[in-house]
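What follows is each chain in one-letter form.
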Amino acid sequence: MLQIIKIEWLKVKNYRTFWVFIILSLLSVLAPNFIIHDIFVKRIPKDAQKLLGASVYDFPLVWQTVASIGSYTSGIFGLLLITLVTNEFTYKTHRQNIIDGWERRDFVLSKLFWVVSLALVAFLTSLIAVLIFGGIYGNTPFSFENCHYLFYYLLQIIVMLLLALLLAMLVKRTGLAIILFVGYVMFLEQLLVFIAKRYLGNLGGLFPLQAGDELLPFPVLEKVEKLADPNYKGPYDNEVYLAVLIIYIVLIVWGVFRKMLRSDL
Amino acid sequence: MSTILSLQNISKRYGAVQALSGVSFDIPTNCVFGILGPNGSGKTTLLGIVTDVLKADTGSFTLMDESPSALQRRKIGTLLETPNFYHYLSGYRNLQIVANIKQQSEADIPRVLELAGLTARQHSAFKTYSLGMKQRLAIAAALLGDPQVLILDEPANGLDPVGIAEVRNLIRQLAHSGKTIIMASHLLDEVEKVCTHVAILRKGQLLGSGPVNVVVARDNFIEIGSADNRALAQLIQQHPAFVQLLPAGDGLLQVTFKDAMDPATLNSWCAQQGVWLSHLQMSRKSLETAFLELTNN
């Protein structure tokens, strides 16, 4: 595996697009927090804030805030992954890697390495965001309470990256894969969720990205729902959504291996 | 190790097109093995299956007497169809990736770049290379780690006449140094000059395989002429080793004999029969003619 990681590093080390994407991705985790702070802390009158209780950047709420915001912008990591994978098909280097002496499974492992790496980059950047924004904007001392939200975020981004990987492996062309991915993340899944919730009820919340969103409600919206109904609870326990996310991970990894191991390259 | 590659009953279909049907042959060690066939005959499909980028529908093969795996592919230098490299990386960095996949030392990169004549441009991005330079980089990649076996699919593609001659010389040098070279080509001239063995494919079917002169029978023939070719034609058919007589153009006769014929003996025999030859030349059917005869029948 170390050899595979070294080879992947050689592929991106001098690839400018990769580094531009990485910088944008890091900014996409950090920057929205300035805007959210501006809207929900600075612009809301002090009296109204009291109604909402603790600031969204106070510990322990900041864990949930940063994770929830991150889940909206994490798609950019998916775009980077699609670019890395479809590049191989465009340049036919996926064939050359096998010809030169990789097993087909090594190629899949090399891309799964990026899924894990990018998810960890997103996770660690979010952790830094929690420390920065909780430290600067928050008025409460540091606490690990609620830190599980960041792990939910990690799980959601892994599912999202795996979806991007599967799409890139199936479509192979960069432009089309990116359009389909952006379409799916931005509105297609929302549409499917809307239709499914209408006809199938709560099952509609179990789509891959929606399941993650259900685990990461934005604190203020959750509070508003609880203000309306103090006993408000999501349709399913968190364990259900977690289990569904893990099932998606297993299914997509299986699908990617099956596609790569069986088809002509 | 007696055979480098042994194919057993390999078949492959793309939709309605039967790209390969039941192809079986062996490639012995230390030979230059040409896989010949017109465009679309299944050469690249066959090499694609051997290098695991394509999956055969039926059949199996062994590489170096073992079931095929990445381990064997690392020991083979392969250039398949087009040069496939990362466009945004330099030639040198692309070879670094190949060296690491092959688990060979990066220290060999300068040697192969020099062999391919790319030392001066090694740090330029691959996308800035000409077609010929791209092909040279692919040859350099195939030579990394000095493999004992090379698979070259149309190695002269995109090269200018000087480049073609250089590649031909390189293949000869490699063959002399004891390497096994498997080369697919539709350029018969190229194959005729370097191959010791051939397999001939047409529409996915194997027409024959083995040493070049066995597969493509190319009898020696002699071109003769005299003042009276009609008399000469009648006479030559009475020669004890006579097989076939064809007009050769320019008023000459093309005669095939059963055994190798010594021109001096033939000249003397004709003179004894009272016919004096004004033209006598040993000739050999070109591989191209023999190949066309074989693939058209």
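Residues numbered from 1 in each chain as written. Chains lettered and ligands numbered in written order. Predicted model: local features only at pLDDT ≥ 70, side-chain atom pairs only at ≥ 80, totals over all residues. Heavy atoms only, no water.

The name given to chain B in an unreviewed UniProt entry is ABC-2 type transport system ATP-binding protein, and the organism recorded there is Chitinophaga ginsengisoli. As stated in UniProt under Sequence similarities (unreviewed entry), the record for chain B gives "Belongs to the ABC transporter superfamily." (UniProt positions renumbered as here; feature names shortened; annotations may be inferred.)

The name that an unreviewed UniProt entry assigns to chain A is ABC-2 family transporter, with the source organism given as Chitinophaga ginsengisoli.

K.L.:
Tell me about the overall build of chain B, residues and numbers included.
P.N.:
Scanning chain B from N- to C-terminus turns up 11 helices and 13 strands. With respect to the three principal axes, the spread of C-alpha positions in chain B is 75 × 45 × 35 Å. A burial count over chain B gives 52% of its 297 residues as buried. Residue pairs in contact within chain B that sit at least 24 positions apart in sequence constitute 66% of those at least 6 positions apart. Approximately 13,200 Å² of chain B is accessible, and the part contributed by carbon and sulfur atoms is 51%. (Helix = DSSP H or I, 4+ residues; strand = E, 2+ residues; numbered from the N terminus. Buried < 20%, exposed > 50% of the residue type's maximum accessible area, 1.4 Å probe, protein only. Contact = heavy atoms within 4.5 Å. Areas by Shrake-Rupley, 256 points an atom, 1.4 Å probe, with all protein chains shown as cover.)

K.L.:
Tell me about the UniProt feature "transmembrane region" (unreviewed entry) in chain A, and please be specific about residues and values.
P.N.:
All names here are of chain A. UniProt tags residues 20-41, 61-85, 112-137, 149-169, 176-196 and 240-257 as "transmembrane region" (unreviewed entry). The span residues 61-85 carries 96% helix and 0% strand; its end-to-end C-alpha distance comes to 37 Å. Between the first and last C-alpha atoms of residues 112-137 the distance is 36 Å; the span itself is 96% helix and 0% strand.

K.L.:
Please set out the environment of isoleucine 164 of chain B residue by residue, giving values where relevant.
P.N.:
Looking at the element boundaries, isoleucine 164 of chain B is found in helix H6 (residues 161-176). Not counting chain neighbours up to four residues away, the residues in contact with isoleucine 164 of chain B comprise Ala156 and Leu159 of chain B.

K.L.:
Would you mind going over the sheet that holds strand S6 (residues 149-153) of chain B in detail, with residue names and values included?
P.N.:
Residue and element names in this part refer to chain B. Taken in spatial order, the six strands line up as S5-S6-S7-S3-S8-S9 in an open sheet, and their pairing is mixed. Each edge of the sheet is formed by a strand with only one pairing partner; in this case those strands are strand S5 (76-79) and strand S9 (205-211). When strand polarity is set aside, the average angle formed by the axes of neighbouring strands in this sheet is 10°. Relative to strand S7 (residues 180-185), S6 runs parallel, the two being bridged by five bridges. Looking across to S7, one finds that leucine 150 is bridged to isoleucine 181. (Pairing = 2+ DSSP bridges. Axes fitted to C-alpha atoms, helices over the stretch in contact; angles between N-to-C directions.)

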